[in-house]
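# Tertiary structure, described
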Amino acid sequence: MSDLKVADNVVVSIAYQLTLDDGDVLDSASASEPLIYLQGAGNIIPGLETELSGLNVGDSKQVTVAPGKAYGEVDPNEFQLVPRTLFPENLELEVGMGLRLVDQSTGQPLEAYVSELHEDKVLLDFNHPLAGETLTFDVEIVALRQATDEEIAHGHAHTGHQH
Ligand code: ZN
């Protein structure tokens with residue numbers, strides 16, 4: 001065993017449960033299939049990364065992350081009213097439905113959610129679905145190892161799935 005702690009350029013394996021304000025469990029990872037990330041590279045939300053710094057293998061911590069350090073506040077400028085004719089007639093739109101769109105001017109893919117349905121217009125919400133949410137993470141540090149030079153250069157952990 002080493003005395004490695006969570007620090008920049010350390011590959012960290014965590015088990016976690018992510019809970020929203022209303023108690024909904026949004027996401028989790030178990031100790032047998034942990035989330036593996038490179039600390040200090042912005043791989044996870046900044047409010048969580050900071051709070052895990054200095055922990056050892058086996059440590060548990062509950063971390064509450066305010067919207068400003070997670071996915072941001074809901075931005076009123078990120079709503080857009082568009083004509084319903086923008087969508088195929090056979091597409092049944094529902095409030096809360098996620099849509100994949102393409103920005104007309106840049107060609108970039110965009111994600112939006114249907115916020116309101118009107119007779120001939122649709123209010124789209126381009127905020128991140130977790131904007132405005134306070135996130136609570138129950139985290140356990142499962143494993144730590146020093147990152148390789150290649151991982152540090154790439155800015156992410158190599159887990160065998162990605163490169
Ligand atoms: Zn890589």
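Residues numbered from 1 in each chain as written. Predicted model: local features only at pLDDT ≥ 70, side-chain atom pairs only at ≥ 80, totals over all residues. Heavy atoms only, no water.

The subject of this paragraph is the overall build of the protein. For the protein, the helix and strand inventory stands at two helices and nine strands. Secondary structure elements of the protein, listed N to C terminal, follow the sequence β-β-β-α-β-β-β-β-β-β-α. The globule rule puts the C-alpha radius of gyration for 163 residues at 15 Å, and the 20 Å found for the protein is more than 25% above it. In terms of overall dimensions, the protein has C-alpha extents of about 65 × 35 × 25 Å along its principal axes. Excluding contacts between residues fewer than 6 apart, the proportion of contacts in the protein whose partners are at least 24 apart in sequence is 62%. On the protein, roughly 10,100 Å² of surface is accessible, and the fraction owed to carbon and sulfur atoms is 47%. Once the 7 positive and 28 negative side-chain charges of the protein are each reduced to a mean point, those two points are 4 Å apart. (Helix = DSSP H or I, 4+ residues; strand = E, 2+ residues; numbered from the N terminus. Rg over C-alpha atoms; globule rule 2.2 N^0.38 Å. Contact = heavy atoms within 4.5 Å. Areas by Shrake-Rupley, 256 points an atom, 1.4 Å probe, with all protein chains shown as cover. Lys, Arg positive; Asp, Glu negative; His and termini not counted. Charge placed at Lys NZ, Arg CZ, Asp CG, Glu CD.)

Looking now at the coordination of the zinc ion. Surrounding the zinc ion are the protein donor atoms H154 (ND1), H156 (NE2) and H158 (NE2), at 2.0 to 2.2 Å. Between the donor residues of the zinc ion, the gaps in sequence give the motif H-x1-H-x1-H. Relative accessible area serves as the criterion here: at 34%, H154 is assigned to the partly exposed category. (Donors = N, O, S within 2.8 Å, 3.2 Å for Na, K, Ca; no water. Buried < 20%, exposed > 50% of the residue type's maximum accessible area, 1.4 Å probe, protein only.)

Quick look at the sheet that holds strand β7 (residues 109-117) now. An order of β5-β8-β7-β6 is seen for the four strands of this open sheet, with the pairing classed as antiparallel. Whereas interior strands pair on both sides, the edge strands pair on one side only; in this sheet they are β5 (79-83) and β6 (98-102). The mean angle between the axes of side-by-side strands here comes to 45°, regardless of whether they run parallel or antiparallel. (Pairing = 2+ DSSP bridges. Axes fitted to C-alpha atoms, helices over the stretch in contact; angles between N-to-C directions.)

Applying the stated criterion to the full structure yields one aromatic pair. Each ring, one from Y16 and one from F137, has its centre 6.3 Å from the other, and the planes form 55°; the classification is tilted. Here Y16, found in strand β1 (residues 10-19), pairs with F137, found in strand β9 (residues 135-146); they are 121 residues apart in sequence, far enough to count as distant. For the pair Y16 and F137, one class covers both residues: buried. (Phe/Tyr/Trp six-rings, centres within 6.5 Å; stacked < 30°, edge-to-face > 60°.)

The next point concerns the pairing of β9. On a regular strand, one side chain projects to one face of the sheet and the next to the other, so that they alternate. When β1 meets β9, the two strands line up antiparallel, connected through ten bridges. When the sheet's bridge partners are listed, L18 is paired in β9 with F137. Examined bridge by bridge, strand β4 (residues 60-65) and β9 share six bridges and lie antiparallel to one another. Bridging from a neighbouring strand, V65 pairs with L135 of β9.

With that settled, the discussion passes to the pattern of salt bridges. If you walk through the whole model with that rule in mind, you get three salt bridges. Close ionic contact of R145 with E151 constitutes a salt bridge, the shortest N to O distance being 2.9 Å. Relative accessible area serves as the criterion here: at 2%, E151 is assigned to the buried category. (Salt bridge = Lys/Arg side-chain N within 4 Å of Asp/Glu carboxyl O.)

The subject of this paragraph is the nonpolar core. Counting residues in hydrophobic clusters, the biggest one holds 23 residues, and the most contacted among them are L52 and F137. At the level of secondary structure, the elements contributing two or more residues to this core comprise β1, α1 (46-52), β4 and β9. With residues near it in sequence (within four places) discarded, L52 still touches V6, I14, Y37, I44, V63 and V139. (Core = buried A, V, L, I, M, F, W, Y, C linked by side-chain atoms within 4.5 Å.)

With that out of the way, let us pick up the side chain of E151. Within the secondary structure, E151 is located in helix α2 (residues 149-154). Not counting chain neighbours up to four residues away, the residues in contact with E151 comprise V11, L38, R145, H156, A157 and H158.

With respect to the element layout, D125 can be found in strand β8 (residues 121-125). Buried charge without a partner: D125 forms no salt bridge, and the closest opposite charge is R100, 16 Å away. Polar contacts involving the side chain of D125 include one to the main-chain amide nitrogen of N127, which spans 2.8 Å. (Polar contact = N/O pair within 3.5 Å; in protein donor to acceptor, adjacent residues only side chain to side chain.)

Any link to function would need more than the numbers given here.
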